[in-house]
Amino acid sequence: MPEHHDPTSDDFVCVATLDSPTEAHLLKGVLEAVHLTPHLADEHMVRNYSLLTPALGGVRVLVPASEVAAAHRALAEFESGAYRLDDDPEEDLAARS
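Read on for an overview of the structure.

Definitions and limits used
- Residues numbered from 1 in each chain as written.
- Predicted model: local features only at pLDDT ≥ 70, side-chain atom pairs only at ≥ 80, totals over all residues.
- Heavy atoms only, no water.
- Salt bridge = Lys/Arg side-chain N within 4 Å of Asp/Glu carboxyl O.
- Helix = DSSP H or I, 4+ residues; strand = E, 2+ residues; numbered from the N terminus.
- Buried < 20%, exposed > 50% of the residue type's maximum accessible area, 1.4 Å probe, protein only.
- Expected span 1.5 Å × (residues − 1).
- Contact = heavy atoms within 4.5 Å.
- Core = buried A, V, L, I, M, F, W, Y, C linked by side-chain atoms within 4.5 Å.

Some words on the pattern of salt bridges
Side-chain pairing between opposite charges can occur once the charged atoms of the two side chains come close.
Point 1. Taken as a whole, this structure holds 3 salt bridges when the rule is applied.
Point 2. Among the salt bridges present, the one from Glu32 reaches Lys28, with a minimum N-O distance of 3.4 Å. Placement of the pair is Glu32 and Lys28 together in helix 1 (residues 21–33), with a separation of 4 residues, close to one helical turn.
Point 3. The residue Asp42 makes a salt bridge to Arg60 at a minimum N-O spacing of 3.2 Å. Within this pair, whereas Asp42 is found in the loop between strand 2 (39–41) and helix 2 (43–48), its partner Arg60 is found in strand 3 (residues 59–64), the two being separated by 18 residues in sequence.
Point 4. By relative accessible area, which is 26% here, Asp42 ends up partly exposed.

Notes on helix 4 (residues 68–80)
Point 1. The end-to-end C-alpha distance of helix 4 is 18 Å, a good match for the 18 Å that 13 residues give at a rise of 1.5 Å each.
Point 2. At its buried positions, helix 4 is contacted by strand 1 (12–18), helix 1 and strand 3.
Point 3. Immediately downstream of helix 4, the backbone of Gly81 shows phi near 95°, a positive value.

Things to note about the nonpolar core
Point 1. Val15, Leu31 and Val61 are the most contacted members of the largest nonpolar core, which has 16 residues in total.
Point 2. Mapped by element, the contributors of at least two residues to this core are strand 1, helix 1, strand 3 and helix 4.
Point 3. With 4 residues, the single largest contributor to this core is helix 4.
Point 4. Residue contacts for Leu31: discarding those within four places in its chain leaves Val15, Leu36, Pro38, Val61, Val63, Ala71, Ala74 and Leu75.

Quick notes on the environment of Cys14
Point 1. Along the chain, the position of Cys14 falls in strand 1.
Point 2. Take Cys14: its relative accessible area is 34%, and that puts it in the partly exposed class.
Point 3. Put simply, Cys14 and Val68 are 54 residues apart on the chain and 8.5 Å apart in space, counted from C-alpha to C-alpha.
Point 4. The residues contacting Cys14, other than those within four sequence positions of it, are Arg60, Val61 and Leu62.

See the structure below:
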C-alpha cells in the first residue's frame, strides 16, 4: 500500500490558550494568513459562560500535529511585532512607490 499523508487524519495540538474568544480569533487569523488550518475549542462555552473560563482553561487554538512547528514560528513572529503596521499609512505608501 503506498504511503500518503492525509492532513485530515492528524491529531490536533493546542498551540495557544486565551481567556478571550476575540483574541483567539485574532491568533486564528494569523495562522490562517500563513496557510495553516487552525481550529478553536471551547470558544462558545467561554463566550456564553464567561465565569467558567478558569475551569475550562480558556479558548484553545488548535492545529494539526503536522503544522505545530510552523504555527509556533508564526505566533512568535506575530508576538515579536513582525506583522505590526506602521503608525502612518501615508509614509508606508510613499515608501512602496
